[in-house]
Amino acid sequence: MRYYFLFFFFFSLQLHADSSLDKQRDTYRSIELATFVKANYVSATMAEKKQRLMLQPEAIQFQALLMARPKPGRFSLAYDALQLWERDEELPNIDHSAFVGLKNGPVLGVYVTHEAAKMLNKIELEKPVQFYAMHIYNYSNGPRLVIVAAQEKTLD
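Everything numeric in this text was worked out from a predicted model, so none of it was measured.

**Thoughts on the overall build of the chain**
Link 1 in the chain: Counting its secondary structure elements, the chain contains six helices and six strands.
Link 2 in the chain: By the burial criterion, 46% of the 156 residues in the chain qualify as buried.
Link 3 in the chain: Looking at the chain as shown, the accessible area adds up to about 8,700 Å², and 49% of this sits on carbon and sulfur atoms.

This is the structure in structure tokens:
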């Protein structure tokens, strides 16, 4: 199944309104971050050679903590990974990176789109957050994700 259409649909999404978010939740496969990280490493041989396994982008969502605020940067490898797949729309503006993870579990370095960085800068560190991301490749540190949106979790 092709996920590229989900990828671009996701980037055009404005998740500021709760009603908009509610309508889109089913579009992204829910994952448990710790299990997902364990399942998405590359082989020892690939890790030794510093190789990556490029994947067709997959839309996922998960709950984790924002461990470090987004920092600006240039991320050509993210664009290289995304350009491998057929697409109808322009690539997103990936101009930040951050760290997300679990209190007593894995912490991942992630790419962050410009719009998602604005959202993350409003969220308190180490508080539960629902992240919406695209899984674009695996490497020696596990899965590499592009965070495209986030919503702070509230107590029900």
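Still more to cover.
**Here's the deal with the nonpolar core**
Link 1 in the chain: Grouped together as the largest cluster of nonpolar side chains are 23 residues, with contacts concentrated most on F62, V110, V112, L120, F131, L145 and I147.
Link 2 in the chain: Elements that contribute at least two residues to this core include exactly α3 (33-39), β2 (53-72), β3 (94-101), β4 (107-113), α6 (114-120), β5 (128-139) and β6 (142-152).
Link 3 in the chain: For this core, the element with the highest residue contribution is β2, accounting for four residues.
Link 4 in the chain: When neighbours within four sequence positions are excluded, I147 is seen to be in contact with F62, V110, Y111, V112, T113, A116, L120, F131, Y132 and A133.

**Looking at the side chain of Q130**
Link 1 in the chain: Note on placement: Q130 falls in strand β5.
Link 2 in the chain: On the basis of relative accessible area, Q130 is assigned to the buried category, the value being 11%.
Link 3 in the chain: Those residues within four positions of Q130 in sequence are excluded, and the remaining contacts are Q61, F62, Q63, A149, A150, Q151 and K153.

**Points about the pattern of salt bridges**
Link 1 in the chain: Going through the model one piece at a time under the given rule, you end up with three salt bridges.
Link 2 in the chain: Salt-bridge contacts for E115 lead to K118; the nearest nitrogen and oxygen are separated by 3.2 Å. You can see E115 and its partner K118 sitting in helix α6, three residues apart, about one turn around the helix.
Link 3 in the chain: A relative accessible area of 43% means that K118 is categorised as partly exposed.
Link 4 in the chain: K127 serves as the salt-bridge partner of E124, at 4.0 Å between the closest nitrogen and oxygen.
Link 5 in the chain: Judged by its relative accessible area of 34%, K127 falls in the partly exposed class.

**Considerations on the environment of R29**
Link 1 in the chain: Within the secondary structure, R29 is located in strand β1 (residues 29-30).
Link 2 in the chain: Beyond its immediate stretch of four places on either side in the chain, R29 contacts F36, E58, A59, I60 and Q61.
Link 3 in the chain: Here E58 takes part through its side chain, which lies 2.6 Å from a polar atom of the side chain of R29.

**Some thoughts on the packing of aromatic side chains**
Link 1 in the chain: In this structure the tally under the stated criterion is five aromatic pairs.
Link 2 in the chain: What links up through ring pairs into an aromatic cluster is the set F75, Y111, Y137 and Y139.
Link 3 in the chain: Residue placement shows R144 over the ring face of Y111; its charged tip is 4.2 Å from the ring centre.

**A closer look at the pairing of β5**
Link 1 in the chain: Most of β5 is tucked away: 11 of the 12 residues are buried.
Link 2 in the chain: Here β2 pairs with β5 via 10 bridges, running antiparallel. Opposite A64, over in β5, you have V129 as the bridge partner.
Link 3 in the chain: In terms of strand pairing, β5 meets β6 through 10 bridges, oriented antiparallel. Counted as the bridge partner of H135 is L145 from β6.
Link 4 in the chain: Taking the residues that link successive antiparallel strands as the turn, the β5-β6 hairpin has two residues.

Cut-offs and rules
Residues numbered from 1 in each chain as written. Predicted model: local features only at pLDDT ≥ 70, side-chain atom pairs only at ≥ 80, totals over all residues. Heavy atoms only, no water. Helix = DSSP H or I, 4+ residues; strand = E, 2+ residues; numbered from the N terminus. Buried < 20%, exposed > 50% of the residue type's maximum accessible area, 1.4 Å probe, protein only. Areas by Shrake-Rupley, 256 points an atom, 1.4 Å probe, with all protein chains shown as cover. Core = buried A, V, L, I, M, F, W, Y, C linked by side-chain atoms within 4.5 Å. Contact = heavy atoms within 4.5 Å. Salt bridge = Lys/Arg side-chain N within 4 Å of Asp/Glu carboxyl O. Polar contact = N/O pair within 3.5 Å; in protein donor to acceptor, adjacent residues only side chain to side chain. Phe/Tyr/Trp six-rings, centres within 6.5 Å; stacked < 30°, edge-to-face > 60°. Lys NZ or Arg CZ within 6 Å of the ring centre and 35° of its normal. Pairing = 2+ DSSP bridges.

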